[in-house]
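# Summary of structural features
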There are 2 protein chains.
Amino acid sequence: MELRKTLIERSENMWRDFLPHVSIDCVIFGFDNNALKVLLLRLKDQQQWALPGGYVRKDENVDDAAYRMLKERTAVDNLYLQQFRTFGQTQRSEGFFADYPDDLWHKQRFISIGYYALVNYAEVTPVKDSVSAECEWKDIGDLPDLMMDHRFIFNKALVTLRKQLNYKPIGYNLLPEKFTMPELQKLYEIILDKKLNRGNFYRKILRYDILEKLNESRKGGAHKAPDLYRFDAEKYRDALKNGLQSEW
Amino acid sequence: MELRKTLIERSENMWRDFLPHVSIDCVIFGFDNNALKVLLLRLKDQQQWALPGGYVRKDENVDDAAYRMLKERTAVDNLYLQQFRTFGQTQRSEGFFADYPDDLWHKQRFISIGYYALVNYAEVTPVKDSVSAECEWKDIGDLPDLMMDHRFIFNKALVTLRKQLNYKPIGYNLLPEKFTMPELQKLYEIILDKKLNRGNFYRKILRYDILEKLNESRKGGAHKAPDLYRFDAEKYRDALKNGLQSEW
C-alpha cells in the first residue's frame, strides 16, 4: 500500500507543477559483458517492471525534462539522448490506476514521448526514487514482464537503434573507450538480431577507417589476448554523415 | 478581426472536447511538375502562412487525429503518414496569442506532435477550414514566411525525408503511378538537395530491380518522348527492408 499512499499524497502538487497529459518514457541502453542491457525499475508493491520516466514541468522544455530524468536515474550528466517516438493511444496507462481516486494525477490520459539513451555502463550508478523498490540493469534477451505498454515502447526503441546503427554513433556511446573487435561485433549482432560472419564484419568495419588500433591488448583469459581498438571520433562522425553503406 | 472572434467563440467547446497541451502539425508533401510542394494555409487576418494541424479529442488516438486532419485538409483518405518528431520547447506558440484572453484554448502551452504525409498531388483537393483565408500548395524552394516555429518543423520533416529516402517508399507515394526517369531523378535531387549524375543515377536505381519499364512513353514536348516506368510494389518493399545501399 506504500505506492498508493505516496501517489495520492503527491497528486495535488503534481497538478500544480507539471503539464497534464504529457509524460516521458526513457529506454536507457548499456552494454556490459557482451550483453545489451536496459535500465528498468520496479515500483513498490508491484510485480511488473517499468521503464524509468516522468513528467514535464509547466515551464520546462521537453528535452530538458528528459535529461533531468536521466540524470536522476543514472547520476550521469549529458548522456546521448534521442527522442524516437510519441505514444498516443488511448487507455495506454489509465487502466493501471482503475482503483485510485478519479482526480489522481497519474490516472489521467498521458501521451508519452519516448527517448532512448546510450550510456557507458561502467559510469552509471542506477538510482531508485521514492516510489521504486528496485532499479536495475536487465539483459534485453531476458526481460521481465513490463507494465502498461512499456514492452511495446521498448521494442520500438530497439528497432530504432537497429535502423540508426549506420547513421548514429551508437557503438561509440555504448562501448567503453577501448574495446576488442569481438566485443564490437557482439554489439552489432545483438542490435541487428543476427549472427555476423567474423571475417566479413572485420573487413567491412575496417574499410570505413573509423577505428584506431591501439598498441595494447586485453589481458587475462585463456586465449591469446585480443587487440584493443578505439573509435577515431572525427572520422566516425564524418563517415556517419553519409551513413555506413553496408548491409552487415 | 474575424480570426479573433472565431477563436474566442470556440474556446469553451475546445476545452470541453479536446486534450489540453497536445497539438499536431502536419507537413504534407506532394510532387508536381518537377517540384516538391508542401500544403500550407494562411489564417484569416494574417500575413504569415502555417502548417495545417489541429488537436486531439479526449477519447481519440493521436494517430487517428492526424489521419482525421489530413482528410479534412486534402479530402483524401488513407494517406501515407509518418510521425517524425515531437516539438516540446516552451513558448513555441503562446506568444502569437499574447493579446488574447488568458483562458483562450489556443493560448495555453502546446507540445506539438509532427507528422509528415506523402500524397499523390493529382488526387488532392486542398480544403480551407473556417479560420483559413487560403490553403495552397507552395514550392519548397520558395516558401513564404511561416508563423510560430513552423519553419523549424518543416525543416525537420524535410531532413527526415532525406534520411529515410533509402528506407521508406517515398518515391512510390509521391509520384503518380507512371513516371519518367528524369522525374524520378528530379525528386531524388530535390529531397537530397544535390545534383545527381544522370548515368550514375540510372545505373544505381535500375540495379535495385524495383522499377518496371512500360511499353509507353510520355507524349508531347519537343524532345524524344521519354519512357514511362512504374514501381514494382513487391520488389520495392523487399528492397527497402534492408535499405537501398547507395550514397546516390
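The rules behind the values
Residues numbered from 1 in each chain as written. Chains lettered and ligands numbered in written order. Predicted model: local features only at pLDDT ≥ 70, side-chain atom pairs only at ≥ 80, totals over all residues. Heavy atoms only, no water. Contact = heavy atoms within 4.5 Å. Buried area = accessible area lost by both parts, 1.4 Å probe. Polar contact = N/O pair within 3.5 Å; in protein donor to acceptor, adjacent residues only side chain to side chain. Helix = DSSP H or I, 4+ residues; strand = E, 2+ residues; numbered from the N terminus. Nonpolar A, V, L, I, M, F, W, Y, C, P; charged D, E, K, R; others polar. Salt bridge = Lys/Arg side-chain N within 4 Å of Asp/Glu carboxyl O. Buried < 20%, exposed > 50% of the residue type's maximum accessible area, 1.4 Å probe, protein only. Domains from an automatic or database assignment. 1 Å grid on protein atoms, 1.4 Å probe; cavity = no way out; pocket = protein on both sides within 12 Å on 5 of 7 lines; lining within 4 Å. Points joined across faces, edges and corners; volume = space filled by probe spheres on them.

## Observations regarding the interface of chain B and chain A
Counting from both sides, the interface comprises 28 residues of chain B and, opposite them, 28 residues of chain A. Between chain B and chain A, the buried area comes to about 2,300 Å², and carbon and sulfur atoms account for 47% of it. Counting across the interface, chain B meets chain A through 14 residue pairs in polar contact (both at pLDDT 80 or more). When residues of the side of chain B that touches chain A are traced back to their parent elements, those giving at least two are strand S1 (18–32), strand S3 (53–57), helix H2 (62–74), strand S4 (80–87) and strand S5 (111–118) of chain B. No other element matches S1(B), which puts four residues into the side of chain B that touches chain A. Along the lines of polarity and charge, the residues of the side of chain B that touches chain A split into eight nonpolar, 10 polar and 10 charged.

## Examining the pattern of salt bridges
Oppositely charged side chains are able to pair whenever their charged atoms sit close together. On inspection of all chains with the given rule, the structure shows 44 salt bridges over all chains. Measuring nitrogen to oxygen at the nearest pair gives 2.8 Å for the salt bridge that ties A:Asp17 to A:Arg16. A relative accessible area of 25% places A:Asp17 in the partly exposed class. Judged by its relative accessible area of 52%, A:Arg16 is exposed. A salt bridge links B:Asp102 to B:Lys107; the nearest nitrogen and oxygen atoms lie 2.7 Å apart. Here B:Lys107 falls in the buried class, since its relative accessible area comes to 17%.

## Comments concerning the domain arrangement of chain A
Residue and element names in this part refer to chain A. Split into domains, chain A comes out as domain 1 (2–164) and domain 2 (177–242). Counting the surface lost from both domain 1 and domain 2, the interface buries some 690 Å², and carbon and sulfur atoms represent 71% of this. When the buried area of domain 1 at its contact with domain 2 is split by residue, Phe31, Asn34 and Arg162 rank highest and sum to 65% of it. Inspection of the region where domain 1 meets domain 2 yields one residue pair in polar contact (both at pLDDT 80 or more). Put simply, the parts of the chain that give the side of domain 1 that touches domain 2 at least two residues each are strand S2 (35–43) and helix H3 (150–164). For the side of domain 1 that touches domain 2, a count of residues per class yields five nonpolar, one polar and one charged.

## Focus: empty space enclosed by the protein
Tallying each qualifying case throughout the model produces one cavity of 30 Å³ or more. In this structure, the largest cavity occupies an estimated 30 Å³ of space. Looking at the largest cavity, the residues that line it are A:Val22, A:Thr86, A:Ile111, A:Ile113, B:Val22, B:Thr86, B:Ile111 and B:Ile113. For the lining of the largest cavity, the secondary structure elements donating two or more residues are strand S5 (111–119) of chain A together with S5 of chain B. Split by residue class, the lining of the largest cavity holds six nonpolar, two polar and no charged.

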